[in-house]
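Observations on chain architecture
Here's the letter readout for the chains.
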Amino acid sequence: MILRYGPIVGLFLACAVHAQAPADVYSRGGADPAAVACATCHGAQGEGMEAGGFPRLAGLPADYIRKQLADFASGARANPLMQPIASALMREEIDALAAMLAAKAYPEVPPVGKAAEVQEPGETLALRGAWDRNIPECVACHAPGGRGVGNAFPPLAGQPAQYLAAQLTAWQQGTRKNDPNDLMGHIGRSLTADEIEAVSKYFAGLKK
Ligand code: HEC
Ligand code: HEC
């Protein structure tokens, strides 16, 4: 009997012992040792880390966070650091982390939209697009000021420039292919390296 129920009892014990508060998972890691603490790279409060190019997580929509973790785990968004971590998180840990991070505020950004004047190339792309190549202005989906909208369109404002550029390059090279309608794939493949750098710097600099 013991042998037969052993695995089930073990499972219950594992859950009971490791049911941790989301803040603990964030700052100390999950039940599986491979789910290392998020704070090491994403900052004590989820504010991100500019020097390392680690994105801000605080204030991102919960569904967006859940989707990205699933995409890292499946490899649809290939990344050597996040893939093992996302694969090692338990479902309840993901739900708790996503809810905790989404409840934090995203910094206010000036709502610069299509009507604003444009001068340099990054700003032009962000606010006007390049319709001769079928590239819509970024603010059409990412909202004025790049502050994001709903669960599907993440904020860009204030994210490290290095991080934003890495994402556009990943779509260009096909290592990030997690966008259901390939909106970003098309955009990534259509931009030059100089444009990627310019538009990334533009959004990184949008903060109050
Ligand atoms: C060793 C450093 C490191 C640790 C620890 C880490 N991350 Fe990350 N995380 C990254 C990097 C690097 C990226 C950007 C990956 C890319 O370029 O696609 C990232 C990206 C993300 C993203 C995508 C954000 C976006 O805007 O699309 C989410 C969500 C995320 N991490 C959640 C977590 C969670 C939750 C934890 C803790 C369980 C964690 N990370 C721990 C390095 C780390
Ligand atoms: C037609 C809508 C649309 C337009 C226009 C658009 N995006 Fe996106 N973008 C998306 C969607 C949807 C995602 C999230 C994809 C996913 O689920 O991972 C995204 C994600 C991103 C990300 C990743 C953010 C993160 O936190 O990982 C970057 C960077 C980005 N877009 C930059 C741009 C730039 C720069 C432009 C303008 C040149 C632009 N986008 C225009 C729809 C759009």
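Residues numbered from 1 in each chain as written. Chains lettered and ligands numbered in written order. Predicted model: local features only at pLDDT ≥ 70, side-chain atom pairs only at ≥ 80, totals over all residues. Heavy atoms only, no water.

As annotated in an unreviewed UniProt entry, the protein carries the name Di-Heme cytochrome c and comes from Aromatoleum aromaticum.

**A look at the coordination of the iron atom of ligand 2**
Coordination of the iron atom of ligand 2 by the protein involves H142 (NE2) and M184 (SD), with metal-donor separations of 2.0 to 2.2 Å. Taken together, the six donor atoms coordinating the iron atom of ligand 2 span angles of 86 to 178° at the metal, a pattern that classifies the geometry as octahedral. With H142 in helix α8 (residues 139-142) and M184 in helix α10 (residues 183-190), this pair connects stretches of sequence that are 42 residues apart. Across the pair, exposure class does not vary: H142 and M184 are buried alike. (Donors = N, O, S within 2.8 Å, 3.2 Å for Na, K, Ca; no water. Tetrahedral: all angles 85-135°; square planar, octahedral: opposite > 155°, others 65-115°. Helix = DSSP H or I, 4+ residues; strand = E, 2+ residues; numbered from the N terminus. Buried < 20%, exposed > 50% of the residue type's maximum accessible area, 1.4 Å probe, protein only.)

**Quick look at the environment of N134**
For N134, the location among the structural elements is in the loop between α7 (121-128) and α8. Sequence separation between N134 and I187 is 53 residues; the distance between their C-alpha atoms is 8.4 Å.

**Re the packing of aromatic side chains**
Applying the stated rule across the entire model yields one aromatic pair. When the centroid spacing of 5.2 Å and the interplanar angle of 75° are considered together, the rings of Y202 and F203 count as edge-to-face. Classification of Y202 by relative accessible area gives buried; the value is 10%. Under the relative-accessibility criterion, F203 is labelled buried at 2%. R56 extends its terminal NZ or CZ atom over the ring of Y106, reaching a point 5.2 Å from the ring centre. (Phe/Tyr/Trp six-rings, centres within 6.5 Å; stacked < 30°, edge-to-face > 60°. Lys NZ or Arg CZ within 6 Å of the ring centre and 35° of its normal.)

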